[in-house]
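Residue-level structure breakdown
Next come the chains, spelled out residue by residue.
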Amino acid sequence: MKRPITICSGQFGDLPLEELCKLMHSIGYDGLELACQSHVDVHKVLTDDQYVADLKGTLSKYNMGLWAIGGHLIGQCVGDNWDPRLDNFAPAALSGKPDEIRAWAIEEMKCIARAAQKLEVKVVTCFLGSPIWAYWYSFPQTPPEMVEAGFQRIKELWTPIFDVFDECGVKFALEVHPTEIAFDYYSTLKLMETFEWRETLGLNFDPSHLVWKCVDPCVFLRDFAKRIYHVHMKDVKVKLDGRTGILGSHIEFGDTRRGWNFVSLGHGNVDFDGIIRELNQMGYRGPLSVEWEDSGMERIYGATEACEFVRGVDFKPSDVAFD
């Protein structure tokens, strides 16, 4: 049996759930990865059984599965140091109130775990935020003690949340990503060690964020195989032409002057063949969730070709031995 192909709903947050289900079913997707702030009201999940029945009924009507829900923006508010951009992720009434935003996000993440349990979803994809992302380049000098304090702060903030995840039987899948406490190979390793390889904490593998940082996604998969709880299918095109660099030059996504851009699947530099081989070797049978982002392409066209691309590349492992 092939892995289910799903699509993240966040990039289609303007579409009502039923319209989104109808569209993605017609394209050929097997399910959705629903974003909490656009397509799942976690408080209604916890308090309104009719809302849950309606949500499940809409998914069922279009034969759409649900293997994961996403809480990325809320999770970011837990671990970040506040700046005005974070106000966009929290309720308007909390704008400019760092302590209140963090407290809200902590409780909201606990609600997401409980909502996932009620929806019979075993994985929440998410961000952790980072109190030390701004210090990634050591000038002014960043002493090791400051880095260690940042990791310990994340452990302090997230341990009570992970306790609730454990109570609910739900796994947390961190997307290794810029602005996160774990943004590349060794920061991910340090995070796992900081949490003493707590089983609650795993990874939402997304190769696009590794490639532009020159990290090999296949090596990453192989070394963290036991912690891969969910997989994003997302591509990136790196184009260093002598003027461009990987830091982006403060140029917005989609601008062709950038050194790299997220692109529709199959248009970039990600080795999806190698990734599928690693997933086969580790026995990953979960969903392949398309996170479609391409600022230079119409999104329905892109979502359609992305679904076809994943179906073409998701081959089964061999069941016979050669030589």
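Coordinates for the structure precede this section.
Residues numbered from 1 in each chain as written. Predicted model: local features only at pLDDT ≥ 70, side-chain atom pairs only at ≥ 80, totals over all residues. Heavy atoms only, no water.

Once that is clear, we can look at unusual backbone geometry. For the peptide bond that leads from Phe-139 to Pro-140, omega is -5°, which places it in the cis range. Here Asn-63, not a glycine, exhibits a phi torsion of approximately 55°, which is positive. Note that Asn-63 resides in the loop between helix H4 (49-61) and strand S3 (65-70). Asn-63 sits in the exposed class, given a relative accessible area of 60%. (Helix = DSSP H or I, 4+ residues; strand = E, 2+ residues; numbered from the N terminus. Buried < 20%, exposed > 50% of the residue type's maximum accessible area, 1.4 Å probe, protein only.)

To continue, consider the pairing of strand S4 (residues 123-126). Burial of S4 is two-sided: the residues Val-123 and Thr-125 facing one way and the residues Val-124 and Cys-126 facing the other way are all buried. Note: S3 against S4, three bridges, orientation parallel. Bridged to Ala-68 within S4 is Val-123. Sheet topology places S4 next to strand S5 (residues 171-174); four bridges connect them, and they run parallel. Bridge pairing in S5 links Val-124 to Phe-172. (Pairing = 2+ DSSP bridges.)

Turning our attention to the packing of aromatic side chains. Evaluation of the coordinates by the stated rule reveals 19 aromatic pairs. Measuring from ring centre to ring centre gives 4.8 Å for Phe-220 and Phe-224, while their planes differ by 45°; the resulting arrangement is tilted. The class of Phe-220 is buried, set by a relative accessible area of 2%. On the basis of relative accessible area, Phe-224 is assigned to the buried category, the value being 2%. Among the aromatic residues, ring-to-ring pairing joins Tyr-185, Tyr-186, Trp-197, Phe-205, Phe-220 and Phe-224 into one connected group. Lying across the ring of Trp-260, Arg-258 places its NZ or CZ 4.6 Å from the centre. (Phe/Tyr/Trp six-rings, centres within 6.5 Å; stacked < 30°, edge-to-face > 60°. Lys NZ or Arg CZ within 6 Å of the ring centre and 35° of its normal.)

Right, let's get into the sheet that holds strand S6 (residues 201-205). Strands sit in the order S1-S2-S3-S4-S5-S6-S7-S10 around a closed barrel of eight strands; the barrel is parallel. Across this sheet, the average inter-strand angle for adjacent strands is 30°, counted without regard to direction. Here three bridges tie S6 to strand S7 (residues 228-233), and the two strands are oriented parallel to one another. Bridged to Phe-205 within S7 is Val-231. (Axes fitted to C-alpha atoms, helices over the stretch in contact; angles between N-to-C directions.)

Scanning the entire structure with this criterion turns up 17 salt bridges. With a shortest N-O distance of 2.7 Å, Lys-61 and Glu-18 are connected by a salt bridge. Here Lys-61 is found in helix H4, whereas its partner Glu-18 is found in helix H1 (residues 17-27), with 43 residues between them in sequence. Among the residues examined, Lys-61 registers a relative accessible area of 56% and is labelled exposed. On the accessibility criterion, Glu-18 (35% relative accessible area) is partly exposed. For Asp-273, the salt bridge is made with Arg-277, and the minimal N-O distance between the two is 2.8 Å. (Salt bridge = Lys/Arg side-chain N within 4 Å of Asp/Glu carboxyl O.)

Counted residue by residue, S7 has six buried out of six residues, so it is predominantly covered. With three bridges joining them, S7 and strand S10 (residues 288-290) adopt parallel strand pairing. Pairing of His-232 across the sheet is with Ser-289, part of S10.

The next point concerns the nonpolar core. Of all hydrophobic cores here, the largest spans 98 residues; its most connected members are Tyr-29 and Trp-158. At ten residues, the largest contribution of residues to this core is made by helix H6 (residues 98-118). If we ignore the near neighbours within four places in the chain, the residues touching Trp-158 are Gly-75, Val-78, Gly-79, Met-109, Phe-127, Leu-128, Phe-172 and Phe-195. (Core = buried A, V, L, I, M, F, W, Y, C linked by side-chain atoms within 4.5 Å. Contact = heavy atoms within 4.5 Å.)

The next point concerns the packing of helix H5 (residues 72-79) against H6. Axis separation between H5 and H6 bottoms out at 8 Å; the angle between their running directions is 135°. The angle between the axes of H5 and H6 places the two elements in the oblique class. H5 and H6 meet at a crossing whose hand is left-handed. In this structure, H5 contributes Ile-74, Gly-75, Cys-77, Val-78 and Gly-79 to the contact, and H6 contributes Ile-101, Arg-102, Trp-104, Ala-105, Ile-106, Glu-108, Met-109 and Ile-112. Of the residues belonging to the contact of H5 with H6, the class tally is nine nonpolar, two polar and two charged. (Parallel < 35°, antiparallel > 145°, perpendicular 65-115°, else oblique. Left-handed = near helix turned anticlockwise from the far one by under 90°. Nonpolar A, V, L, I, M, F, W, Y, C, P; charged D, E, K, R; others polar.)

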